[in-house]
Amino acid sequence: MTPYQKRLNPFIQRMAEDMQLRNLADSTIDAYTYHVDKFCRYFGKPADQLGPEEIRQYQLFLVNQKKASWSSFNQCVCGLRFLYEVTLQRPWEVRHIPFGKRPKKLPVVLSDEEASSLFQCMHNPKHRAVLLTCYATGLRLREATHLRVADIDGKRQQIHVRAGKGSKERFVPASPRLLDELREYWKIKRPNNYLFPGKTPDTPLSSPTIQKACKLGIAQAGIRKAATPHTMRHSFATSMLEAGVDVLTISKLLGHSSFVTTMIYLHVRRQHFDRSPSPIDWLPVRQCPKWAEESLSQSIAPQDPEPPTAGATGNNAAMGNTHTEEPQSPVRRTSGRKPRKRRRK
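Just so we're clear, the structure is a prediction, and the values are computed from it rather than from any experiment. (Residues numbered from 1 in each chain as written. Predicted model: local features only at pLDDT ≥ 70, side-chain atom pairs only at ≥ 80, totals over all residues. Heavy atoms only, no water.)

**Brief notes about the overall build of the protein chain**
- The secondary structure content of the protein chain amounts to 15 helices and three strands.
- The buried share of the protein chain, taken over its 345 residues, is 33%.
- A separation threshold of at least 6 residues defines the contact pool for the protein chain, and within that pool the share at least 24 residues apart is 58%.
- Working note: accessible area of the protein chain is about 24,500 Å², and carbon and sulfur atoms make up 53% of it. (Helix = DSSP H or I, 4+ residues; strand = E, 2+ residues; numbered from the N terminus. Buried < 20%, exposed > 50% of the residue type's maximum accessible area, 1.4 Å probe, protein only. Contact = heavy atoms within 4.5 Å. Areas by Shrake-Rupley, 256 points an atom, 1.4 Å probe, with all protein chains shown as cover.)

Structure, rendered in C-alpha cells:
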C-alpha cells in the first residue's frame, strides 16, 4: 500500500484518483497528497471550506515558522493548484496561489582524486556498484536502483534506462571498465531480476540506503563538500563537458527535456576559469601592500655613506683646500616663444 492510499480524506482520495487517470508517477501523487493533507490538518477543515485567505496564511506559515525550502514550498503550491483546479473545479482560486522564487545554486562536483578516494572507502559491493554506475553513466539514483539484469547489454556496451524521469526511456553508453565492475559484482550477489535488489529479490534497493552509505563514505574519505549520490551525476556531466563533448549530446545522455537545463554545467567546468586571467597579474610591483613595499624598499635602498673622519678634515685644511660651494640660484624657466613687441602710438 502506497502512502497516499493510507490518507482517508475523501478529497485527497479523489485527488489521487484524478492524478492516476493522468498517469502521474506514484512519487508525484504521494508528494501532492502529502502537502494537501498537511494543509487541511493545519486548519482542521475539509478542503472545500478553505479559500484564498487560508492558502495565503498557510504559505506564510511555511516560510516564516516552518522554514521550508523553496523546493518544498513550490511543491506544495503545485499540489494546491491541482486540488482546486482539477478536483474541486475552482480555477479562480489558482490565480491567488503564487510560486516562490527558487534560488539558483551551482551543482557540487567531485574531482577525480575525490571520486577515487570515495569509491575506495565503499566496502559494500552493492553500494559501491550503484555509485559507480551513477558516476560512469550519469544516471539518477532512482534510475540506477531500478535497473534490471536484462537492461545491461554487454555486447553493444550500453544500458537501457526504463525508469527515467517522466516515464521516458533512453540508452546510455557503458564503458568497458564499468561492465567489468558490474560483472564482478554479479559474481558476488548473483541477482536475477533487479540488478540491485532490496530486502527481497522482487523489490529494488531503496534510495535512503544509498544516501546513508554515500554520506558515510564521504566522511571516511575526508571530503568536505556537501556531496550526495546526485553529485555523481553532476560530476559525470562536468567531466564530459571538460572532455570536449557538446552540450546537446550530454543533454541526451542525462535525459534532460531541454539543453538549457544542461547549460548550468558550463559554470563549473575548469576551462571556464583557466581562460579567465586575474587583473591583479597586470598590476606593477609598486601596487603591493604596505608591508611588502617596506620590505622591498629596505632590500633595494643603497647604504648611507660613512661620515668623514677628523684626520681627513685636517688634511684638506692643511692643503689649503678651504673652498666651499655656494648655493646656486634657481634658474628661471622661460618659454620658447619670442617676446611680443610693443605697439607704437
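Structure shown, so let's carry the discussion forward.
**Focus: the environment of Val-109**
- Checked against the element boundaries, Val-109 lands in the loop between helix 4 (70-87) and helix 5 (112-121).
- For the pair Val-109 and Met-232, spaced 123 residues apart in the sequence, the C-alpha separation amounts to 7.7 Å.
- Non-local contacts of Val-109, meaning those with residues more than four positions away in its chain, are made with Glu-114, Lys-225, Thr-231, His-234, Ser-235, Thr-238 and Val-268.

**Some points on helix 5**
- Turning to helix 5, its buried residues are Ala-115, Leu-118, Phe-119 and Cys-121. One face of helix 5 carries all of its buried residues, which in axial projection span an arc of 160°. Along helix 5, the residues that are exposed and aim more than 90 degrees away from the buried face are Glu-113 and Gln-120. (Arc of directions from axis to C-beta.)

**Focus: the pattern of salt bridges**
- Tallied over the entire structure, the rule returns eight salt bridges.
- Taking the shortest distance from any N to any O, the salt bridge between Arg-41 and Asp-37 comes out at 2.9 Å. Pair noted here: Arg-41 and Asp-37 are both in helix 2 (residues 26-43), with a separation of four residues, about one helical turn.
- For Asp-37, a relative accessible area of 13% puts it in the buried group.
- In this structure, Lys-225 engages Glu-114 in a salt bridge whose closest nitrogen and oxygen atoms are separated by 3.1 Å. Note that Lys-225 is positioned in the loop between helix 9 (207-221) and helix 10 (229-242) and Glu-114 in helix 5, a separation of 111 residues in sequence. (Salt bridge = Lys/Arg side-chain N within 4 Å of Asp/Glu carboxyl O.)

**Some remarks on helix 11 (residues 247-254)**
- Listing the buried residues of helix 11 in full gives Ile-250, Ser-251, Leu-253 and Leu-254. All buried residues of helix 11 lie within an arc of 165° about the axis, which places them on one face of the element. Looking at helix 11, the residues exposed on the side facing more than 90 degrees away from the buried face are Leu-248 and Lys-252.
- The elements touched by buried residues of helix 11 are strand 3 (170-173), helix 10 and helix 12 (259-262).
- You can read the cap of helix 11 off the contacts: a side-chain oxygen lies 3.4 Å from the backbone nitrogen of Leu-248, and it is on Asp-246.
- Just downstream of helix 11 lies Gly-255, where phi reads positive at about 80°. (Polar contact = N/O pair within 3.5 Å; in protein donor to acceptor, adjacent residues only side chain to side chain.)

**Digging into the state of the cysteines**
- Going through the model one piece at a time under the given rule, you end up with zero disulfides.
- Of all cysteine sulfurs, the one in Cys-214 lies closest to Cys-134, which takes part in no disulfide; the gap is 9.3 Å. (Disulfide = S-S within 2.5 Å.)

**A word on the packing of aromatic side chains**
- Counted according to the given criterion, the structure contains nine aromatic pairs.
- Here Tyr-42 and Phe-43 contribute two aromatic rings whose centre-to-centre distance is 4.9 Å and whose plane-to-plane angle is 90°, an arrangement assigned as edge-to-face.
- Accessibility expressed as a relative area gives 22% for Phe-43, which makes it partly exposed.
- Relative to Tyr-135, the ring of Phe-119 lies with its centre 5.6 Å away and its plane at 70°, an arrangement referred to as edge-to-face. Pair noted here: Phe-119 is in helix 5 and Tyr-135 is in helix 6 (residues 125-137), with a separation of 16 residues, a long-range link. The same class applies to Phe-119 and to Tyr-135, which are both buried.
- Counting every residue linked through ring pairs, the aromatic cluster contains Phe-39, Tyr-42, Phe-43, Tyr-58 and Phe-61.
- Directly above the ring of Tyr-194 sits Arg-148, whose terminal nitrogen or CZ lies 4.3 Å from the centroid. (Phe/Tyr/Trp six-rings, centres within 6.5 Å; stacked < 30°, edge-to-face > 60°. Lys NZ or Arg CZ within 6 Å of the ring centre and 35° of its normal.)

**What to know about the sheet that holds strand 2 (residues 158-161)**
- Within the open sheet, the three strands sit side by side as 1-2-3. Their pairing is antiparallel. Where the open sheet ends on each side, the last strands, each with one partner, are strand 1 (152-153) and strand 3.
- Looking at chain direction, strand 1 and strand 2 are connected through two bridges and run antiparallel. Bridge pairing links Asp-153 to Gln-158 in strand 2. (Pairing = 2+ DSSP bridges.)

**Overview of the pairing of strand 2**
- Both faces of strand 2 are covered, namely the face carrying Gln-158 and His-160 and the face carrying Ile-159 and Val-161.
- Here strand 1 folds back onto strand 2, and the loop between the two strands holds four residues, one of which, Gln-157, carries a positive phi near 55°.
- Direction of pairing for strand 2 relative to strand 3: antiparallel, over a ladder of four bridges. Residue pairing for strand 3: Val-161 is matched across the bridge by Arg-170.

**Comments concerning the nonpolar core**
- One finds Leu-118, Phe-119, Val-130, Leu-131, Phe-196 and Met-232 to be the most contacted residues of the largest nonpolar core, which totals 33 residues.
- When contributions to this core are tallied by element, the ones reaching two or more residues are helix 5, helix 6, helix 7 (141-145), strand 2, helix 8 (176-189) and helix 9.
- By residue number, the principal contributor to this core is helix 6, which donates six residues.
- Not counting residues within four places of it along the chain, the set of residues in contact with Phe-196 comprises Lys-126, Ala-129, Val-130, Thr-133, Ala-144, Thr-145, Leu-147, Leu-182, Tyr-185, Pro-204 and Leu-205.
- Among the nonpolar cores identified, the runner-up in size contains 27 residues, and Val-36, Phe-39, Cys-40 and Ile-55 belong to it. (Core = buried A, V, L, I, M, F, W, Y, C linked by side-chain atoms within 4.5 Å.)

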